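Below, each chain spelled out in residue letters.
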Amino acid sequence: MKFNTKVIHGGQHHEKVTGAVMTPVFQTSTYVQTSPGKPVGDYEYSRAANPTRQALEDALASIENGARGLAFASGLAATDCLLRMFKAGDEIIAMDDLYGGTYRLFTRLYKDSGIKFHFVDMNDLEKFQSLINENTKLVWVETPTNPLMKLADIAEIAKITKKHNLLFAVDNTFATPYLQKPLDLGADIVMHSATKYLGGHSDVIAGALIIKDKELGDELHFKQFATGGTLGPMDSYLVLRGIKTLHLRVQRHCENGMKVAQFLSNHPKVATVYYPGLPSHPFHDIAKKQMSDFGGMVSFTFKSGKKEDAISFLEKVKVFTLAESLGGVESLANHPALMTHASIPEDKRLEVGITDDLVRLSTGVEDIEDLLADLEQAFK
């Protein structure tokens with residue numbers, strides 16, 4: 001199947017008993033057994049498996065070209081499950097520009113675990129390779145990154161991880177499988193905050209892991225089952241429904257994102273625009289190489305460099321909504337330093353370029369004329 005067909009039919013089956021075309025919400029915790037240890041079907045307890053969640057997990061595997069998909073209660077729950085693969089003494093190399101929640105998980109929740117985390121610019125492959133040693137187990141990359149839209153060359157990094165027999169995980173939240181397929185480029189694991197583009201309607205919190213190797217997928221499923229960070233059936237249904245329109249939504253996100261980025265690039269009050277679709281973007285060539293389009297996320301700074309200007313702008317938007325999160329059909333505006341990345345220490349934020357005048361926009365699927373008019377009035 002081609003991608004636009006996969007999002008609707010990939011891994012999906014009509015419900016056996018009623019013939020329902022759409023996957024029902026199996027709102028049940030347990031399943032009948034004919035004799036002790038002999039369930040009627042394939043299900044015993046919904047923490048281990050649930051038919052609605054299974055349909056979502058099969059869809060996730062299909063659209064990312066993986067062997068197994070796993071659905072979690074959040075993106076951070078998915079990331080935490082992967083981290084449980086490692087023990088004291090192991091080392092993980094991560095990209096230096098990360099979602100604030102991921103950084104918090106790595107540096108605060110796991111700080112006493114004995115696992116050592118290194119943060120590096122993944123475009124400096126020489127420096128990245130210098131950090132690899134016999135204790136290195138995982139390489140974690142986010143591309144494009146949140147909020148500075150940095151990119152990393154997945155295929156080039158995969159060559160290095162394969163050479164050293166390391167696991168390679170990619171947070172594909174911003175790009176989605178519609179634009180970028182990390183497993184096809186050499187990664188072993190893909191993570192999504194399914195809250196964002198996969199769900200697509202700002203009405204669910206969910207996460208996902210998609211694994212290339214079935215054996216590794218089975219091991220991660222056991223850890224998910226044993227620790228309990230699974231996604232409920234209603235939430236699974238909402239993400240599954242969202243995936244069915246992923247291709248339609250993301251295409252409009254890309255169209256609007258490009259026009260917003262071009263508008264900002266020509267605005268007299270804007271200093272820098274971070275959008276991989278612009279030829280001026282430092283990683284534009286990588287984006288063209290590994291993405292089919294450039295997405296709907298745009299960040300920018302003010303020529304004044306003042307935090308007050310960013311706050312004033314955000315207080316004035318009307319069509320854009322000032323709120324955390326991204327990837328919904330509605331356009332959202334965000335101040336990373338005070339909102340999504342507030343958990344990162346100020347010196348670390350400034351080190352990677354997250355300044356107090358930085359604004360992040362998640363362009364929705366509204367009419368572009370309304371979005372541009374809203375941005376224009378907010379600058380006044």
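Computed from a prediction, not measured in an experiment: that's the story for all the values here. (Residues numbered from 1 in each chain as written. Predicted model: local features only at pLDDT ≥ 70, side-chain atom pairs only at ≥ 80, totals over all residues. Heavy atoms only, no water.)

This next bit is on the overall build of the protein. The helix and strand inventory of the protein stands at 15 helices and 14 strands. Its C-alpha radius of gyration of 21 Å places the protein within 12% of the 21 Å reference for a compact globule of 380 residues. Across the 380 residues that make up the protein, the buried fraction comes to 55%. In the protein, of all internal contacts separated by at least 6 residues, the share reaching a separation of at least 24 is 73%. Roughly 16100 Å² of accessible area belongs to the protein as shown, and the carbon and sulfur atoms make up 52% of that amount. Taken as two groups, the 41 positive and 47 negative side-chain charges of the protein have centres that lie 2 Å from each other. (Helix = DSSP H or I, 4+ residues; strand = E, 2+ residues; numbered from the N terminus. Rg over C-alpha atoms; globule rule 2.2 N^0.38 Å. Buried < 20%, exposed > 50% of the residue type's maximum accessible area, 1.4 Å probe, protein only. Contact = heavy atoms within 4.5 Å. Areas by Shrake-Rupley, 256 points an atom, 1.4 Å probe, with all protein chains shown as cover. Lys, Arg positive; Asp, Glu negative; His and termini not counted. Charge placed at Lys NZ, Arg CZ, Asp CG, Glu CD.)

Here the focus is the sheet that holds strand 3 (residues 68-72). One open sheet holds the 7 strands; their spatial order is 3-9-8-7-6-4-5, and the pairing between them is mixed. The open sheet has two edge strands with one neighbour each: strand 3 and strand 5 (116-120). Strand-to-strand twist in this sheet, taken as the mean axis angle between neighbours without regard to direction, amounts to 20°. Sheet strands touched by helix 6 (residues 154-163): strand 6 (136-142) and strand 7 (167-171). Its angle to strand 7, the strand with the most contacts, is close to 160°. (Pairing = 2+ DSSP bridges. Axes fitted to C-alpha atoms, helices over the stretch in contact; angles between N-to-C directions.)

Turning our eyes to something else, we now look at the sheet that holds strand 11 (residues 297-302). With mixed pairing, the 5 strands of this open sheet are ordered in space as 10-11-14-13-12. The sheet is open, and its two edges are formed by strand 10 (270-274) and strand 12 (321-322), each paired on a single side. Of the strand pairs in this sheet, strand 11 and strand 14 (residues 359-362) are connected by 4 bridges, and their pairing is antiparallel. Looking at the pairing, Ser299 lines up with Arg360 of strand 14. Sheet strands in contact with helix 11 (residues 246-265) are strand 10, strand 11 and strand 14, and its direction is about 10° off that of strand 11.

What follows is about the packing of helix 3 (residues 75-83) against helix 4 (residues 100-109). At a minimum axis distance of 10 Å, the contact between helix 3 and helix 4 shows a crossing angle of 35°. Judged by the twist between their axes, the crossing of helix 3 over helix 4 is right-handed. Counting all contacts with helix 3, which are made through Leu76, Thr79, Asp80 and Leu83, the residues of helix 4 involved are Gly101, Thr102, Arg104, Leu105 and Phe106. Of the residues assigned to the contact of helix 3 with helix 4, the class counts are 4 nonpolar, 3 polar and 2 charged. (Left-handed = near helix turned anticlockwise from the far one by under 90°. Nonpolar A, V, L, I, M, F, W, Y, C, P; charged D, E, K, R; others polar.)

All right, on to the packing of helix 2 (residues 51-64) against helix 10 (residues 233-243) then. Running from N to C, helix 2 and helix 10 cross one another at 35°; their axes reach a closest spacing of 8 Å. Where helix 2 crosses over helix 10, the two elements pack in a sense that is left-handed. Here Thr52, Arg53, Ala55, Leu56, Ala59, Leu60 and Ile63 of helix 2 lie close against helix 10, whose contacting residues are Pro233, Ser236, Tyr237, Val239, Leu240 and Ile243. Tallied by class, the residues present in the contact of helix 2 with helix 10 amount to 10 nonpolar, 2 polar and 1 charged.

Quick look at the packing of aromatic side chains now. Under the defined criterion, the tally for this structure stands at 12 aromatic pairs. Among the aromatic side chains, those forming a connected cluster through ring pairs are Tyr103, Phe106, Phe117, Phe119 and Trp140. Here the basic side chain of Lys196 rests over the ring of Tyr99, its NZ or CZ set 6.0 Å away from the ring centre. (Phe/Tyr/Trp six-rings, centres within 6.5 Å; stacked < 30°, edge-to-face > 60°. Lys NZ or Arg CZ within 6 Å of the ring centre and 35° of its normal.)

With that settled, consider the UniProt feature "modified residue: N6-(pyridoxal phosphate)lysine" (unreviewed entry) in the protein. UniProt annotation of "modified residue: N6-(pyridoxal phosphate)lysine" (unreviewed entry) refers to Lys196 when read in the numbering used here. Note that Lys196 resides in the loop between strand 8 (189-193) and strand 9 (207-211). Residue classification places Lys196 among the buried positions, given a relative accessible area of 15%. With sequence-adjacent residues up to four places away left out, Lys196 is seen in contact with Thr173, Ser325, Leu326 and Gly327. Separated by 2.8 Å, the side chains of Lys196 and Ser193 make a polar contact. (UniProt positions renumbered as here; feature names shortened; annotations may be inferred. Polar contact = N/O pair within 3.5 Å; in protein donor to acceptor, adjacent residues only side chain to side chain.)

In this structure, Met122, Leu264, Phe300, Phe313 and Leu361 are the most contacted members of the largest nonpolar core, which totals 104 residues. Element by element, the count of residues in this core is highest for helix 11, at 7 residues. Of the domains in this structure, domain 1 (3-242) and domain 2 (247-379) are the two that each give at least three residues to this core. Those residues in contact with Met122 that sit more than four places away from it in its chain are Ile93, Ala94, Met95, Phe128, Val139, Trp140, Val141, Ala152 and Ile157. (Core = buried A, V, L, I, M, F, W, Y, C linked by side-chain atoms within 4.5 Å. Domains from an automatic or database assignment.)

Buried residues dominate strand 3, accounting for 4 of its 5 residues. For strand 3 and strand 9, the ladder comprises 5 bridges, and the chain directions are antiparallel. Its bridge partner lying in strand 9, Phe72 is registered against Gly207.

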